[in-house]
Amino acid sequence: MSSKSDLGDSEKNPNVDSQTVLQTRDVDVAAMVVTDVNVPETLTDDVAKRIRNKVDKHLLPLMCLTFVIMLSDQVVVAQSAILGIFPGARLNQDQFNWLATVLYISVMAFEYPQNLALQRFPVAKWISLNIFIWSIALCCHAAARSFGALVACRMVLGACEAVIVPGFMIITSMFYTRKEHTQRVGYWYLTGVFGASCMGFVAFGLLHVTGTRLMQWQWMMIIMGIVSFLYAIVFLIFFPDSPINARFLNPEERALAVQRIKVNQAGLENKKWKREQFIEALLDPKVWIMAAFQFISHVPISMNFQKQIIVSQLGFNAIQTTLLSCADGVVAVLGILIGVYLASIPSIGNGYAGIIMSVPPLVGSILVNVLPSKPKIALLFMYWLSYTVSSPYTVFFGWVISLSAGHTKRITMNTIILVSGYAGLAVGPLMWRKKYQPRNRVPWIVVSVCVVTSAILLFILRTMLDRENKRRDREPRSTQYDEVFVEKVAPDGSVTIHRVDKAFLDLTDVENRDFRYIL
């Protein structure tokens, strides 16, 4: 007969059998780690900083590089606009726009399956497999000589890229505290934007490649496909699935890393899909406010796919357009840095930072529409100002990771929000119609309206969360989940009973009344 003991808790709880005893599959995986190693309840600032710095050193470079690869692969067709893809693949303007839309439709279709796969399979290994497949799909772009063939390649690319953002949202919540989320997301997102903009230099070099059997746009696809393939191998070797199996941490440091993020009240992960959490996510009003923001804020971001055409129609030639497009990344990075900095100021926070960062793209989109066609430099600067439209979204993206708990609810919410964003990206390119060229007055009006509306939604969301925090502060503290235990079976067959902290019970943000929303 198995023996039962409560490591360190039996004296407090002499009658363990009368308490709630769960199976390991019902609780967060972090619950098992903290019982294996004796770690302090609260970490000192020096220990927490040492663990965070070690995580930063090993994770951030790979996360940043992954985002560079993903965004570069997404905009590679946009760069190909001046490298001969129109005659090479026999495309017209509407078909070219649909290549962006098809990618995001594919991402939307595969977003929830990819989230379920992330819950079921090791996160890093599943991501690396998808990078490997999309690298092959990208190389296949070079063999496409028709709109239909390119659509097929874009659909495979979108299906695989659907894993990156939700995967990184999960990874960020595993390794970092909620106060660190926005800054870390800002790092890898701004790096990705800047790296993707540097594709302009690659396109500039390819403009000078002549006398080969392959066209310039085909070389672009092959180069990026090979780079992605090699990177998939690097990612597989060096990226951990979670703090539990991070090879750059020793067993004690893994337990400390888990203990460090206990303040999130969200745990690491749980491999069991929970129907009640799925339903809660669908009925949570804040999820749909965030989904509306995602859709509306992503419609203007479609200018990323049109940037070469937009700049060239201001009156610049192909080489000038290619080099000027590199400045887009610098502008976007500056906008993101300012947004992340504002979000780190306690009196401003994420919500107000996103609203403040909506002002520059609003001003830019209005002035690029009302200024005269000459001088073209003035229009170029207003276009660059409007290009900061990704700043509010980046701040929001770091914020949203902190606004839910419960693994099934989290992946469901992530799916809803990401699908909404990709829906905006899918419809956005369709407004840049040829009949609106060269000034694109109607698309710029849509951009202005979307920026204002998304800022209003951020204000509504922040107000809603602030009121909920104050409501919970007024409530008497709930002790419902204070005495919960989990059975752990040892290799010799004996069973031990461990008390589980509320933070590792895989509770949702609604169930856990100690959960407070970051503003």
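Just so we're clear, the structure is a prediction, and the values are computed from it rather than from any experiment.

Colleague: Just checking my understanding: could you explain the overall build of the protein for this structure?
Modeller: A tally of helices and strands in the protein yields 21 helices and three strands. The burial tally for the protein puts 58% of its 519 residues in the buried class. Residue pairs at least 24 apart in sequence account for 83% of intrachain contacts in the protein once pairs closer than 6 positions are excluded. Taken as a whole, the protein presents about 20800 Å² of accessible surface, with 65% of it coming from carbon and sulfur.

Colleague: I would appreciate a short explanation of the packing of aromatic side chains in the present structure.
Modeller: Aromatic ring pairs are defined here through the distance separating the ring centres and the angle between the ring planes. Going through the model one piece at a time under the given rule, you end up with 21 aromatic pairs. Taking the centre distance of 5.2 Å and the plane angle of 75 degrees together, the rings of Phe381 and Trp384 count as edge-to-face. Taken together, the residues span about one helical turn, with Phe381 and Trp384 both in helix H18 (residues 376-386) at a distance of three residues. Overall, Phe381 belongs to the partly exposed group, its relative accessible area being 47%. Trp384 gets classed as buried once you look at its relative accessible area, which sits at 13%.

Colleague: Teacher, can you tell me more about the packing of helix H4 (residues 93-120) against helix H5 (residues 123-141) here?
Modeller: In contact at an axis separation of 8 Å, H4 and H5 are set at 140 degrees when each is read in the N-to-C sense. By the angle class used here, H4 and H5 are oblique. Here H4 and H5 pass one another in a crossing that is right-handed. Contact residues: H4 offers Gln114, Ala117 and Leu118, while H5 offers Val123, Trp126, Ile127 and Asn130. Tallied by class, the residues present in the contact of H4 with H5 amount to five nonpolar, two polar and no charged.

Colleague: I would appreciate a short explanation of empty space enclosed by the protein in the present structure.
Modeller: Sizing a probe to match a water molecule and rolling it over the atoms shows the empty space that remains. Under the counting rule described, the total for this entry stands at six cavities of 30 Å³ or more. If you trace the largest cavity, you find 26 residues lining it, with Leu71, Gln74, Tyr189, Ile301 and Asn304 closest to the centre. Looking at the lining of the largest cavity, the elements that each hand over two or more residues are helix H2 (45-79), helix H8 (178-197), helix H13 (285-298), helix H14 (303-312), helix H19 (390-400) and helix H20 (407-427). By residue number, the principal contributor to the lining of the largest cavity is H2, which donates five residues. In this structure, the second largest cavity encloses a volume near 60 Å³. Lining the second largest cavity we find Ser297, Pro300, Ser358, Pro361, Val389, Pro392, Val451 and Ser454.

Colleague: Looking at this structure, I do not really get the packing of H2 against H8. What am I missing?
Modeller: Each pair of packed helices can be summarised by the angle the axes make with each other and by the distance between the axes. At a minimum axis distance of 7 Å, the contact between H2 and H8 shows a crossing angle of 40 degrees. With respect to H8, the element H2 is oriented oblique. Every pair of crossing elements has a handedness; the one defined by H2 and H8 is right-handed. Contacts between H2 and H8 involve Arg52, Asp56, Leu60, Met63, Cys64, Phe67, Val68, Leu71, Ser72, Val75 and Gln79 on the former and, on the latter, Glu180, Arg184, Tyr187, Trp188, Tyr189, Thr191, Gly192, Val193, Gly195 and Ala196. Tallied by class, the residues present in the contact of H2 with H8 amount to twelve nonpolar, five polar and four charged.

Colleague: Explain H4 here, please?
Modeller: Relative to the 40 Å expected for 28 residues at 1.5 Å per residue, H4 spans 41 Å between its end C-alpha atoms, a close match to the ideal helical length. Largest kink in H4: about 45 degrees, centred on Glu111, with the proline Pro113 one to four residues after it. Backbone nitrogen of Asp94 and a side-chain oxygen of the N-cap are separated by 3.2 Å at the start of H4; the cap is Asn92.

Colleague: I would appreciate a short explanation of unusual backbone geometry in the present structure.
Modeller: One non-glycine residue, Arg90, lies in positive phi territory at about 55 degrees. Its location among the elements puts Arg90 in the loop between helix H3 (85-88) and H4. Among the residues examined, Arg90 registers a relative accessible area of 59% and is labelled exposed. A positive phi angle is found at Asn440, which is not glycine, with a value near 50 degrees. Within the fold, Asn440 resides in the loop between H20 and helix H21 (441-474). Overall, the relative accessible area of 3% leaves Asn440 in the buried class.

Colleague: How should the pattern of salt bridges be read in this particular structure?
Modeller: Between side chains of opposite charge, pairing is possible as soon as their charged atoms come close. Evaluation of the coordinates by the stated rule reveals 17 salt bridges. With its nearest N and O atoms 2.9 Å apart, the salt bridge here joins Glu180 to Arg260. Linking Glu180 in helix H8 with Arg260 in helix H11 (residues 251-260), this pair joins segments that are 80 residues apart in sequence. Arg260 shares its class with Glu180; the two are buried. Linking Asp473 and Arg516 is a salt bridge whose minimum nitrogen-to-oxygen distance equals 2.9 Å. Here Arg516 lies in the segment after strand E3 (495-499) and Asp473 lies in helix H21, a separation of 43 residues in the sequence. Among the residues examined, Arg516 registers a relative accessible area of 25% and is labelled partly exposed. By sharing partners, the salt bridges in this structure join Glu280, Asp284, Lys286, Lys409 and Asp509 into a single network.

Colleague: When you look at the environment of Ser358 in this model, what are you seeing that I'm missing?
Modeller: With respect to the helices and strands, the residue Ser358 is situated in the loop between helix H16 (349-356) and helix H17 (359-370). Accessibility expressed as a relative area gives 4% for Ser358, which makes it buried. Distance from Ser358 to Ser386, taken between C-alpha atoms, is 9.4 Å for residues 28 residues apart in sequence. Residues within four places of Ser358 in sequence aside, it is in contact with Pro392, Val451 and Ala455. Among the polar contacts made by the side chain of Ser358, one reaches the main-chain carbonyl oxygen of Gly354 at a distance of 2.9 Å.

Reading the values: rules and limits
- Residues numbered from 1 in each chain as written.
- Predicted model: local features only at pLDDT ≥ 70, side-chain atom pairs only at ≥ 80, totals over all residues.
- Heavy atoms only, no water.
- Helix = DSSP H or I, 4+ residues; strand = E, 2+ residues; numbered from the N terminus.
- Buried < 20%, exposed > 50% of the residue type's maximum accessible area, 1.4 Å probe, protein only.
- Contact = heavy atoms within 4.5 Å.
- Areas by Shrake-Rupley, 256 points an atom, 1.4 Å probe, with all protein chains shown as cover.
- Phe/Tyr/Trp six-rings, centres within 6.5 Å; stacked < 30°, edge-to-face > 60°.
- Axes fitted to C-alpha atoms, helices over the stretch in contact; angles between N-to-C directions.
- Parallel < 35°, antiparallel > 145°, perpendicular 65-115°, else oblique.
- Left-handed = near helix turned anticlockwise from the far one by under 90°.
- Nonpolar A, V, L, I, M, F, W, Y, C, P; charged D, E, K, R; others polar.
- 1 Å grid on protein atoms, 1.4 Å probe; cavity = no way out; pocket = protein on both sides within 12 Å on 5 of 7 lines; lining within 4 Å.
- Points joined across faces, edges and corners; volume = space filled by probe spheres on them.
- Expected span 1.5 Å × (residues − 1).
- Bend = angle between axes of the 7 residues up to and from the residue.
- Polar contact = N/O pair within 3.5 Å; in protein donor to acceptor, adjacent residues only side chain to side chain.
- Salt bridge = Lys/Arg side-chain N within 4 Å of Asp/Glu carboxyl O.

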